[in-house]
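For reference, the chains in residue letters:
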Amino acid sequence: MSGQPLSDGAGRAVGRTVMSAAAPADRRHVFHRQVRFGDIDSLGHVNNVRFFDFLEDARLGMLVVDRLREGDRPHRGLVVARHEIDYRHPLTFRPDPVRVETWVTEIRPVRFTLAYEIKDDEHVFVEARSVMVAYDVQSARPRRLTEDELAHLKRFLVEE
């Protein structure tokens with residue numbers, strides 16, 4: 001599904017924002033992230049590397065902070081095996097936070113894949129994916145996801 005055209009700042013269209021309808025709202029974890037002054041680069045928009053901080057904040061919210069608030073055990077011993085990111089629309093400094101919406105697209109015995117959109121009501125700024133691996137720090141090896149971890153991840157599962 002296509003969204004709003006991208007502009008080069010002078011009103012010329014340079015592409016289209018692709019908006020995903022892959023995950024229904026009830027399967028998405030929503031994290032609100034304020035754009036910080038330090039996120040902005042010399043061109044006046046959020047630097048591409050800083051978007052990984054947005055993803056990390058949302059991932060920690062979904063897998064650790066919200067679990068603690070719910071009285072559940074947080075996910076521990078997860079490492080990022082892969083990140084993919086597509087920049088869809090420039091994000092500039094703004095008073096209102098953006099939403100980082102996250103859902104699970106695949107679960108395997110030792111890994112799972114998260115999909116993200118960084119967006120507001122008008123634009124999708126970033127689409128991204130992370131492959132996460134359950135990791136045993138003591139043995140320095142991958143481990144199987146626990147039943148509790150699997151149950152939590154399945155709340156957000158949308159198979160593509």
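(A) Representation of the nonpolar core within the structure. In terms of nonpolar packing, the biggest core is built from 27 residues, with Phe51, Phe54, Leu91 and Ile118 touching the most fellow members. If you list the elements that add at least two residues to this core, you get helix H1 (51–69), strand E5 (98–107), strand E6 (111–119), strand E7 (124–136) and helix H2 (147–154). The leading source of residues in this core is H1, at seven residues. Contact partners of Ile118, with chain neighbours within four places excluded, come to Phe51, Phe54, Leu55, Val98, Arg99, Val100, His123, Val124, Phe125 and Val126.

(B) View of the pattern of salt bridges. According to the stated counting rule, one finds 21 salt bridges in the structure shown. The shortest N-O distance in the salt bridge between Asp86 and Arg88 comes to 3.6 Å. Take Asp86: its relative accessible area is 37%, and that puts it in the partly exposed class. Among the ionic pairs, Arg99 bridges to Glu101, the shortest N-O distance being 2.8 Å. Across the pair, exposure class does not vary: Arg99 and Glu101 are buried alike. Residues joined by salt bridges that share partners form a network here, namely Arg28, Arg99, Glu101, Glu117, Lys119 and Asp121.

(C) Fine view of the environment of Thr92. With respect to the secondary-structure elements, Thr92 resides in the loop between strand E4 (78–87) and E5. When its relative accessible area of 41% is taken as the criterion, Thr92 is described as partly exposed. Spatially, the C-alpha atom of Thr92 lies 4.2 Å from that of His45, the residues being 47 residues apart in sequence. Setting aside anything within four residues of it in sequence, one finds Thr92 in contact with Val35, Ile40, Gly44 and His45.

(D) Geometry of the packing of aromatic side chains. Under the counting rule described, the total for this entry stands at two aromatic pairs. Geometrically, the ring pair formed by Phe51 and Phe54 is tilted, given 5.5 Å between the ring centres and 50° between the ring planes. Of this pair, Phe51 and Phe54 both sit in helix H1, three residues apart, which is roughly one turn of that helix. You'll find Phe51 and Phe54 in the same group, each marked buried. Relative to Tyr87, the ring of Phe51 has its centre 5.9 Å away and its plane inclined at 50°; by these criteria the two rings are tilted. Note that Phe51 is positioned in helix H1 and Tyr87 in strand E4, a separation of 36 residues in sequence. When its relative accessible area of 38% is taken as the criterion, Tyr87 is described as partly exposed.

Quick notes on the rules
- Residues numbered from 1 in each chain as written.
- Predicted model: local features only at pLDDT ≥ 70, side-chain atom pairs only at ≥ 80, totals over all residues.
- Heavy atoms only, no water.
- Core = buried A, V, L, I, M, F, W, Y, C linked by side-chain atoms within 4.5 Å.
- Buried < 20%, exposed > 50% of the residue type's maximum accessible area, 1.4 Å probe, protein only.
- Helix = DSSP H or I, 4+ residues; strand = E, 2+ residues; numbered from the N terminus.
- Contact = heavy atoms within 4.5 Å.
- Salt bridge = Lys/Arg side-chain N within 4 Å of Asp/Glu carboxyl O.
- Phe/Tyr/Trp six-rings, centres within 6.5 Å; stacked < 30°, edge-to-face > 60°.

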